[in-house]
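# Geometric and topological summary
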Amino acid sequence: MDYFSIFFNSFILIVQSFMHLIFIGRMFGRKYGIRYFILYPLSLFALEFAAVKNNSVGAVAIAIQLIILCLLSRIALRARYCVSFLAATLAIYISQLSFGMVSSIEAVIFPHFVGKPLLYVLLIAATIAAFGICGCCYAFVLKNLSFKGNAQTPYIGLLLLPGLFFFVAELYILHMSYSRLPVTLSLAETGKHAGLLLIQGLGLMALLCTLYAYRRICSGFEAQSALAALTQAAEAQRTYISEAQTRYEQTKAFRHDIKNHLSVLDGLLDRGQIEESRSYLGKLKAASASLSFPCQTGNPVVDILLGEKMGIAQAGGIHVEASVILPGACGIDDFDLCVVFANALDNAINACQSFEGERSICISGQRQGDFYMLEFRNSCPAEASAKIGTGLSNIKAVAEKYQGAMLLEKDASSFCLNVLLNIS
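Residues numbered from 1 in each chain as written. Predicted model: local features only at pLDDT ≥ 70, side-chain atom pairs only at ≥ 80, totals over all residues. Heavy atoms only, no water.

When the pLDDT values of the chain are averaged, the result is 80; 84% of them are 70 or greater. When mean pLDDT is taken per element in the chain, strand S3 (residues 371–379) scores highest with 92 and helix H8 (residues 274–289) scores lowest with 72. (pLDDT = per-residue confidence, 0-100. Helix = DSSP H or I, 4+ residues; strand = E, 2+ residues; numbered from the N terminus.)

This part covers the pattern of salt bridges. Within the structure shown, the criterion is met by three salt bridges. A salt bridge links Lys 309 to Asp 346; the shortest N-O distance between them is 2.8 Å. With Lys 309 in helix H9 (residues 300–315) and Asp 346 in helix H10 (residues 334–353), this residue pair connects regions lying 37 residues apart in the sequence. In this structure Lys 309 comes out as buried when scored by relative accessible area, which is 12%. Two residues, Arg 377 and Glu 375, come together in a salt bridge whose shortest N-O distance is 3.9 Å. In this structure Glu 375 comes out as partly exposed when scored by relative accessible area, which is 23%. (Salt bridge = Lys/Arg side-chain N within 4 Å of Asp/Glu carboxyl O. Buried < 20%, exposed > 50% of the residue type's maximum accessible area, 1.4 Å probe, protein only.)

Glancing now at the side chain of Gln 16. Along the chain, Gln 16 turns up in helix H1 (residues 3–28). Under the relative-accessibility criterion, Gln 16 is labelled buried at 14%. With near-sequence residues (within four places) excluded, Gln 16 lies in contact with Ser 95, Phe 99 and Phe 131. (Contact = heavy atoms within 4.5 Å.)

Remark: H1 packs on helix H5 (residues 118–144), axes separated minimally by 11 Å, with the N-to-C direction vectors making an angle of 10 degrees. It follows from the interaxial angle that H1 and H5 lie roughly parallel. The segment H1 lies against H5, with Phe 4, Phe 8, Ile 12, Val 15, Gln 16, Met 19, His 20, Phe 23, Arg 26 and Met 27 engaging Tyr 120, Leu 123, Ile 124, Thr 127, Phe 131, Cys 134, Gly 135, Tyr 138, Val 141 and Leu 142. Residues that form the contact of H1 with H5 fall into these classes: 15 nonpolar, four polar and one charged. (Axes fitted to C-alpha atoms, helices over the stretch in contact; angles between N-to-C directions. Parallel < 35°, antiparallel > 145°, perpendicular 65-115°, else oblique. Nonpolar A, V, L, I, M, F, W, Y, C, P; charged D, E, K, R; others polar.)

Scanning the entire structure with this criterion turns up five aromatic pairs. An angle of 65 degrees between the planes, with centres 5.9 Å apart, marks the rings of Tyr 32 and Tyr 36 as edge-to-face. Looking at Tyr 32, the relative accessible area reads 8%, which means it is buried. Centroid distance Phe 99 to Phe 131: 5.3 Å. Interplanar angle 85 degrees. Geometry classified as edge-to-face. Residue Phe 99 is located in helix H4 (residues 81–109), and its partner Phe 131 is located in helix H5; the two are separated by 32 residues in the primary sequence. A single burial state applies to Phe 99 and to Phe 131, both of which are buried. (Phe/Tyr/Trp six-rings, centres within 6.5 Å; stacked < 30°, edge-to-face > 60°.)

Under the counting rule described, the total for this entry stands at two cavities of 30 Å³ or more. The space that makes up the largest cavity amounts to roughly 40 Å³. Every residue lining the largest cavity is listed: Ala 344, Asn 347, Ala 348, Phe 376, Asn 378, Leu 392, Phe 415 and Leu 417. Only H10, S3 and strand S5 (414–422) provide two or more residues apiece to the lining of the largest cavity. Considering every element that reaches the lining of the largest cavity, the biggest residue donor is H10, with three residues. Class assignment for the residues of the lining of the largest cavity results in six nonpolar, two polar and no charged. Its boundaries defined by the atoms lining it, the second largest cavity holds a volume of some 30 Å³. What lines the second largest cavity is simply Leu 326, Pro 327, Cys 330, Ile 332, Leu 337, Tyr 372, Leu 421 and Ile 423. (1 Å grid on protein atoms, 1.4 Å probe; cavity = no way out; pocket = protein on both sides within 12 Å on 5 of 7 lines; lining within 4 Å. Points joined across faces, edges and corners; volume = space filled by probe spheres on them.)

Taking 1.5 Å per residue as the helical rise, H9 with its 16 residues ought to reach 22 Å, and the 22 Å between its terminal C-alpha atoms agrees with that figure. Those residues of H9 that fall on the buried side of the exposure criterion are Val 301, Val 302, Asp 303, Ile 304, Leu 305, Leu 306, Lys 309, Met 310 and Ala 313. In this structure Asn 299 caps H9, since a side-chain oxygen of it lies 3.2 Å from the backbone nitrogen of Val 302. Where H9 terminates, the next one or two residues include Gly 317, which has phi positive at roughly 75 degrees. (Expected span 1.5 Å × (residues − 1). Polar contact = N/O pair within 3.5 Å; in protein donor to acceptor, adjacent residues only side chain to side chain.)

Printed below as a string of structure tokens:
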């Protein structure tokens, strides 16, 4: 191997390693540290050296590279193992495929230029073309597959099997057909490489179509979650309107009869019937108290929603405590507040209903500078799962809409949901 080949192969390896790390980093919306841009290329050089010394370890070297890239994603980006493995598979497969497609063209053209200076120019041009194909494919994947923030990735494991299939098929093609550059080329060999180019092109299209279809599935899940949130908010608004109408009629009737009540009370006092007056006054207080909300947060929509949920909870033998005062002009839409309170309380009530013991729900709110912290704590069975479902996903979406966050805590007998919202 001459110096040009050593330098050129080293350059390709370094660029490939950088592209792998940049691609995976953008997929997760994070960045690798500088040390990983040193560690990963060095590991690839070691694997390449081992493969050159012993051709039988070539496939093993690729497998080790895949594991290394997966572990780097797991450690540096704190990603789950399944998505780390998928991202590493896509990163390596696409780069291998790009060079494999270009190799199919090289195998047809390059034998005519063996021993000529123009071969070096063509080799550089082919390498640039391979990097260009790789970059375009990476851009398409990033557009249709993302693990950033709260991006929904349901059934992500379903992509592992087709991804591994494409990966192994491409490695087989590269190992069997392009491990060495042919010096002479027959018509049959030309047809063979043209067929391999077609197969690799179809493999690439199949992968991209699979990712596009998966993106559509994720969009469907996102639309389903948004529809569920809208439905829940609409139900809360209907409850608010119905309750407001009921309380309006009750208030109207109470105001209509208040003069008669005051006349009766005045007569009792004139006759010196003090005890009867106190009893009648107590009844008036009870009637007026029934017109007020059981919890007053400063927001009428939340007051009515809390009143309804607290009534459901208390009917099921659940003790409820609420200490929430919402800022008057906090910039949070009533629609979003309904989503947070309705989902949090529905989950809390369901958890309490399956709990054997003293059932309780505690709701509290506290302002912390430009943020407002809501806490929902409830009784919960020890075996209950704390995974994020549709309700918690909707709450998380609201929190992130207002530059906040959602935090879950669970112990043996209780579950705590904290929602931080920016009210500035």
